[in-house]
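# Understanding the architecture of this molecule
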Amino acid sequence: MWLMALVAVLIGGHWIPQSRWLLVHMVTLGVATTSILVWGQYFTESILHEKLGEPDRRRQVIRINGLNLGVLACCVGMVGGWPWVVVAGATVVGLAMCWYAVDLALQVRRALPGRFDATVRFYCAAACLLPVGAVFGAIMAFSPAEPWRTRLLLAHQGVNILGFVGMTAVGTLVTLWPTVLRTPMAPRQDRHGKVALVIMCFAVVVMTTGSLGGWWQLEAAGVLIELAGLVVIGTDLVRCAARKPPRDFPGYSMGAAICWFAIWLCWLAWTLVSRRDRLIQEDITALTVPIVMGFLLQLLLGAMSYLMPMVMGGGPSIVRATNAKMHTLGALRATATNAGLVIWALAEGTWTRRIGLGLAVVAMAGFLPAMVAMVKTGITMLRAKRAAAMGSAAPSASPSASAASSDAASPASASTFHSPKGGSPTPEPGKGPSASEMFTPPSRTPTQPGRPTARPRPDPAPTAPPGRRSFVEGVVGLGAALGAVAVGRRLDGTPALSGSISGSTTGGNSAAVAPSGRTTTVQVTMRDMHYHPSTIAVPPGDRLVVKLSNTDPDQVHDLYFANGAHSPRLSPGQRATVDAGVITGPTQGWCTIVGHRSMGMELEVTVDGAAPAQAAGSPAAGARRKVDLTQPPGRGFRTRDARLPALLPGRTHPMTLTVTESIQEVAPATTLRAMTYNGRVMGPVIHARIGDTMAVHLVNRGTMGHSIDFHAGTVSPTPNMRTIAPGKSLDYRFTLPRAGVWLYHCSTMPMSSHIASGMFGAVIVPPRDLPAADREYVLVQSETYLDAANGREVDAGKIAAETPDLTMFNGHANQYVFAPLTAKVGERVRIWVLAAGPSRGISFHVVGTQFDTVFKEGAYVLRRDNPEGGGAQALDLSSAQGGFVEMTFEAPGRYTFVNHSFVEMERGARGLIEVTS
């Protein structure tokens, strides 16, 4: 169920709120925790040699169903923004895990002493940690401000990943890893496992204490202690692998998962030390994908690939056949998964990272058809075996023969012995316990002391593919990864297999200048919307190599030369090398980030004795796009609800605004590469009271620097409106001291480009004692400036020339022509209006009616029943001004609302109000 939901969120994540949170928690809570409940019980029965009865099985099913209901409630609460639903779901999850821990403890208490009993005790301890982590997660659903947001996230991860998942995984790997490799355990491996689990328990306590107290030293120490515990048992796991290397998908997948866990711990420790007091939430979540997919999912899929055929059983021949199905293309899947994750973690380009992640997802999804094929094969062979057994059954079959047949039917029991103590497997002389001795299904009948259940049998024939085939699959997987890099870097505008960006001959007189064979290398830094130096002199015929570094503290920049040589987009602190080719004449380079070139980011390349370069492709006002506004919006477009949202509950309002960049429709068959708050051109409308407090958490998920400026608050711009780099966040807290229709927008330069790209919204603060209206709508006007082709960034030249292509209400040019607002005759309708710009104002008019109330910029211009008997025909607003008008419709019909500056109306500032009796 959760795997199918996971696929649905992956496909529709763009339209689903909190999709990133859902993806992470569907894996960790939905898939992983449910699997831990199922397989943890299976391992417990195998270790303790105690088979549960039917009533216990029914309780187990009820517990798993309860867990899934709790997880579902958490997901619904997060998507809907209902924190108390999240709390209820977290409570159910916590209770289910406590119940699970109590059941395990009772089983240990009932069982006879055994060598691996401690593993089950650690299962209990790990299960008790998840409710603690759920408490931290439930508190985070209320969006606490920094520094508690980051502290709770660290404590949440420490308890859940280092504790619940880490301890459960390590406790299982102590015995499962050599089982999968079909090799004896290393000497004293069971003791080392106990030591490692104790160390990890201590690590969880240290890290959680440090996280809640804000002590980075303790946080880092806790992670390093966890890493030490992993090393203690990891040494034995490596010895097992050295004795008998992995040869099938379970071994490849589980081995890679252990490596990802160690890498994540090292990275987390380094991040905690290097960031120290500057640590924010996005620093911690930067490697969420590798820990969730690389460690958790890979470990789970590897373990299930081994265990499912064993649990299905049916005898050695059936187990070998089902194993072979589960291992289909195992080396290819494992290679592609891990190569894709490495690409995602190390690549800089957006497309390269996306394609790398897509490769990993597709490779992991290969588990599903393999599982289906395994189940079909197993069922077919079991039916055939049952039919053959019924056909050949003889009445004289002896009990001993039946017992032998029963023993042979379970491959896991073929080489299993029970010790006289009952529960501790007896190892071969001079060796640790063998692979199949660890997970023997409990016998249905008591075992006589000192007597083995069956004679030792040789290890079944190998089920893994031959070494040559695995090698070929691995090569194919690496080839797919290299292909993904090539395609991704091509889409990112970066040559596929070079660490530098190469160019061809550059200049206007290439035939007259022969290459000199020399190279001129120049160091160029980018900051404050300029290149430093801004002019480079190159001898004619020399090859130019630019060592580029972005020293701007917040902004993303790049460098593009006229011949096509260019760098990737560089975040603050990043570097790149650009090979501009042989310079034969003057040329130019510039920053391609929207608006940066028009603000001065041009690099002049001069050649001795040559005239300066012409401004190739400099930003100039292009021709106005022809847009057919008589056509309806596209099928995939969702009309923006113009109704005024309800007042926010309470007096303090936590809110997260996430900056993203995506292709958005702004008119019929017309799209641009938009910059948005929470995923749409025009951010959410905020409706609150005078005196309320806003606690806004801004997260930058874009590819360049962004910020936010709330006109509704009175705060210092320096800390609150600063530009934050991609992956960073800030907290912006302010009160609402006065009534009005207030603009908020991105304040990162050039502001005009960011606002024209969609980064604006409205804060509605009603005046005191505002009478009720029957209907209230919000209309925010903005204009945009389109490139000649769809899906491109706004045209900076048109912005500078003030030649907009579209003037829109609520982010789309004609949406309310085809989805009119509604009202009834005699109803009082209030329309809140804001001119967002970036440059144009509005003369708001509704054809066929008059305004009896006008409120503009914090004061009434006209009140109903005024002694003069006056009315109004338009509300005039300059850019960044707002107000509202009220009217009553006297007859049914279609009323048009417009910007009465008709050139703006003809660009899209028009809509309809459908009035009925």
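In what follows, the structure referred to is the one given above.
To start, this report covers the structure provided alongside it. Since the model is a prediction, treat every value here as computed from it, not as a measurement.

### A look at the overall build of the protein
Of regular secondary structure, the protein possesses 22 helices and 28 strands. The buried share of the protein, reckoned over its 917 residues, is 53%. Relative to all contacts within the protein whose residues are 6 or more apart in sequence, the contacts with residues 24 or more apart total 76%. Put simply, the protein shows about 38,600 Å² of open surface, and 61% of that area lies on carbon and sulfur atoms.

### Re empty space enclosed by the protein
As enumerated under the stated definition, the model contains nine cavities of 30 Å³ or more in all. In this structure, the largest cavity occupies an estimated 270 Å³ of space. Looking at the largest cavity, it is lined by 19 residues, and the ones nearest its centre are Ile-36, Thr-168, Thr-172, Leu-299 and Leu-300. Contributing elements (two or more residues each) for the lining of the largest cavity: α2 (19-48), α6 (148-181) and α11 (288-312). By residue class, the composition of the lining of the largest cavity is 15 nonpolar, four polar and no charged.

### Quick word on the sheet that holds strand β15 (residues 729-735)
Taking strand neighbours across the sheet as the criterion, the four strands line up as β11-β10-β13-β15 in an open arrangement whose pairing is mixed. For this open sheet the edge positions go to β11 (670-677) and β15, each flanked by a neighbour on one side alone. Taken pair by pair, the neighbouring strands of this sheet meet at an average axis angle of 25 degrees, ignoring direction. Here eight bridges tie strand β10 (residues 652-667) to strand β13 (residues 693-700), and the two strands are oriented parallel to one another.

### A word on the nonpolar core
Membership of the largest hydrophobic core comes to 113 residues, with the highest contact counts inside it found for Trp-264 and Phe-295. Ignoring any residue separated from it by four or fewer positions in sequence, one finds Trp-264 in contact with Gln-157, Ile-161, Leu-162, Leu-287 and Ile-291. By size, the runner-up hydrophobic cluster in this structure holds 83 residues, among which are Met-526, Val-627, Met-721 and Ala-756.

### Some points on the environment of Val-885
Here Val-885 is to be found in strand β26 (residues 882-888). On the basis of relative accessible area, Val-885 is assigned to the buried category, the value being 0%. A sequence separation of ten residues divides Val-885 from Leu-875, and the C-alpha atoms of the two residues are 7.4 Å apart. Setting aside residues no more than four positions away along its own chain, Val-885 makes contact with Val-829, Arg-830, Ile-831, Phe-844, Phe-851, Thr-853, Val-854 and Leu-875.

### Some remarks on the pairing of strand β20 (residues 821-824)
Regular strands show a simple pattern: their side chains alternate between the two faces of the sheet. Residues of β20 alternate between two faces, with Leu-821 and Ala-823 buried on one and Thr-822 and Lys-824 left unburied on the opposite face. Taken together, the four bridges between β20 and strand β28 (residues 910-916) define a ladder with parallel strand orientation. Across the sheet, residue Leu-821 finds its bridge partner in β28, namely Ile-913.

### Comments concerning the sheet that holds strand β27 (residues 893-899)
Where strands meet in a sheet, backbone hydrogen bonds hold them as pairs that are either parallel or antiparallel. Ordered in space as β20-β28-β27-β22-β25, the five strands form an open sheet in which the pairing is mixed. The open sheet has two free edges, formed respectively by β20 and β25 (875-877), since each of these has just one partner strand. Within this sheet the neighbouring strands show an average axis-to-axis angle of 20 degrees, counted without direction.

### A short note on the packing of helix α5 (residues 117-140) against helix α7 (residues 189-213)
Interaxial distance between α5 and α7 falls to 11 Å at its minimum, and their mutual angle equals 15 degrees. Taken together, the axes of α5 and α7 lie roughly parallel to each other. Two packed elements cross with a definite hand, and for α5 against α7 that hand is left-handed. Between α5, through Ala-118, Phe-122, Leu-129 and Phe-136, and α7, the contact on the second element is made entirely by Lys-194, Leu-197, Val-198, Cys-201, Val-204, Thr-208 and Leu-212.

Scoring rules and cut-offs
Residues numbered from 1 in each chain as written. Predicted model: local features only at pLDDT ≥ 70, side-chain atom pairs only at ≥ 80, totals over all residues. Heavy atoms only, no water. Helix = DSSP H or I, 4+ residues; strand = E, 2+ residues; numbered from the N terminus. Buried < 20%, exposed > 50% of the residue type's maximum accessible area, 1.4 Å probe, protein only. Contact = heavy atoms within 4.5 Å. Areas by Shrake-Rupley, 256 points an atom, 1.4 Å probe, with all protein chains shown as cover. 1 Å grid on protein atoms, 1.4 Å probe; cavity = no way out; pocket = protein on both sides within 12 Å on 5 of 7 lines; lining within 4 Å. Points joined across faces, edges and corners; volume = space filled by probe spheres on them. Nonpolar A, V, L, I, M, F, W, Y, C, P; charged D, E, K, R; others polar. Pairing = 2+ DSSP bridges. Axes fitted to C-alpha atoms, helices over the stretch in contact; angles between N-to-C directions. Core = buried A, V, L, I, M, F, W, Y, C linked by side-chain atoms within 4.5 Å. Parallel < 35°, antiparallel > 145°, perpendicular 65-115°, else oblique. Left-handed = near helix turned anticlockwise from the far one by under 90°.

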